[in-house]
Amino acid sequence: MPYPTHGGRHELGQNFLVDPAVIDLFTDLVGRTSGPVVEIGPGDGALTLPLSRTGRPLTAVELDPRRARRLARRVPGHVRIVAGDVLRYRFPDRPFTVAGNLPFHLTTSVLRRLLDTGHWQSAVLLVQWEVARRRAGVGGASMLTAAWWPWFDFEVHARVPARAFRPMPSVDGGLLSMSRRSRPLVVGAREPYQEFVRHVFTGPGRGLREILDRTGRLSGAAVRDWLVGARISPLALPKDVTAGQWASLWRAVERGGHANDGGVRAGRPGSGRYRSRR
């Protein structure tokens, strides 16, 4: 058996991957990226060892110092094992790829840290299934996704059953990839756009038309023009807006409320994607 089947320490929230098919899919997705790899939470090396066979420089950051020491004795010379907390780890200041089976209870914290970190170009992550879906905008996007969509693309590739982990968690996992856009959908500082997204997601109203009216950032006519151009129902919710539609809405806000720029249709590139291979 090439990979250990025992589980991680419960207090560290570790659910180790043991399904060879999922491991193969994960390593294949990482193989489509380029540059050095930083792995989050390698555990006993179920992903580290296959990833090391590419020959790419690999740094694995493991919170449990005992597992880090054991793994360091099993990896080739181009792999470095670091005992530390990824939430405090200093990422490289050059382009790199992120990979990892994230502790489910730390998923949002790790994602926020990554999204606010420069230089990485791609990330392949195993997270909770519902988190993967929401990050990719499948069935409705979260506020976190909408806030970062202009700069990152999110895609969910497969649902990973709970039985693929040891110990077995109470929920399924999902394979999620994130990639930095070469051309952001929004130009300029992130903070004003992200504050607007927060305002819309948390604002009162029975639908987008009412919510946007109450932000005071767009005139009533501009709101109606944007909804028509984007082909969005006035009763739709913020979670229903795609990446491209958020960008067109922000352009309308920046122009001072003149929203009729031709709109951005649902399904245009930049919305989240779901492609199952299982």
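See the structure shown above.
So, a few notes on the structure that sits alongside this text. Treat the numbers as computed from the prediction; the structure is a model and nothing was measured.

**Some points on the overall build of the protein chain**
For the protein chain, the count of helices and strands is ten helices and ten strands. Counting every position in the protein chain, which comprises 278 residues, the buried fraction comes to 54%. Considering only intrachain contacts with a sequence separation of at least 6, the fraction spanning at least 24 residues in the protein chain is 66%. About 12800 Å² of surface is accessible on the protein chain, with carbon and sulfur atoms providing 50% of the total.

**Focus: the nonpolar core**
Among the nonpolar cores identified, the biggest contains 59 residues, and Met178 and Trp246 are the most heavily contacted of them. The element that contributes the greatest number of residues to this core is helix α10 (residues 243-254), accounting for seven residues. Setting aside residues no more than four positions away along its own chain, Met178 makes contact with Leu111, Leu114, Leu115, Trp120, Gln121, Ser122, Ala123, Leu125, Asp153 and Phe154.

**Details of the pairing of strand β2 (residues 37-40)**
A two-sided burial pattern is seen for β2, the buried positions comprising Val37 and Glu39 on one face and Val38 and Ile40 on the other. Taken together, the four bridges between β2 and strand β5 (residues 96-101) define a ladder with parallel strand orientation. Across the sheet, residue Val37 finds its bridge partner in β5, namely Thr97.

**What to know about the environment of Val187**
Locating Val187 in the fold gives a position in the loop between β9 (173-180) and α7 (190-202). With relative accessibility at 72%, the residue Val187 sits in the exposed group.

**A look at the packing of α7 against helix α8 (residues 208-215)**
Across the interface, α7 lies against α8 with an axial gap of 9 Å and an inter-helix angle of 125°. As summarised for this structure, α7 and α8 are arranged oblique, according to the angle between their axes. Once α7 is placed against α8, the crossing between them reads as right-handed. Judged by residue contacts, Phe196, His199 and Val200 of α7 engage Leu208, Ile211, Leu212 and Thr215 from α8. Along the lines of polarity and charge, the residues of the contact of α7 with α8 split into five nonpolar, two polar and no charged.

**A closer look at the packing of aromatic side chains**
Working definition: an aromatic ring pair is given by the centre-to-centre distance plus the angle between the planes. Scanning the model with the defined rule gives ten aromatic pairs in all. A ring pair is formed by Trp148 and Trp151, whose centres lie 6.5 Å apart and whose planes are at 70°; its orientation type is edge-to-face. The same class applies to Trp148 as to Trp151, namely buried. Between Phe196 and Trp250 the ring centres are 5.6 Å apart and the planes differ by 40°, which places this aromatic pair in the tilted class. Separated by 54 residues along the polypeptide, Phe196 in helix α7 and Trp250 in helix α10 bring together distant segments of the chain. Across this residue pair, the class does not change: Phe196 and Trp250 are buried.

Calculation rules
- Residues numbered from 1 in each chain as written.
- Predicted model: local features only at pLDDT ≥ 70, side-chain atom pairs only at ≥ 80, totals over all residues.
- Heavy atoms only, no water.
- Helix = DSSP H or I, 4+ residues; strand = E, 2+ residues; numbered from the N terminus.
- Buried < 20%, exposed > 50% of the residue type's maximum accessible area, 1.4 Å probe, protein only.
- Contact = heavy atoms within 4.5 Å.
- Areas by Shrake-Rupley, 256 points an atom, 1.4 Å probe, with all protein chains shown as cover.
- Core = buried A, V, L, I, M, F, W, Y, C linked by side-chain atoms within 4.5 Å.
- Pairing = 2+ DSSP bridges.
- Axes fitted to C-alpha atoms, helices over the stretch in contact; angles between N-to-C directions.
- Parallel < 35°, antiparallel > 145°, perpendicular 65-115°, else oblique.
- Left-handed = near helix turned anticlockwise from the far one by under 90°.
- Nonpolar A, V, L, I, M, F, W, Y, C, P; charged D, E, K, R; others polar.
- Phe/Tyr/Trp six-rings, centres within 6.5 Å; stacked < 30°, edge-to-face > 60°.

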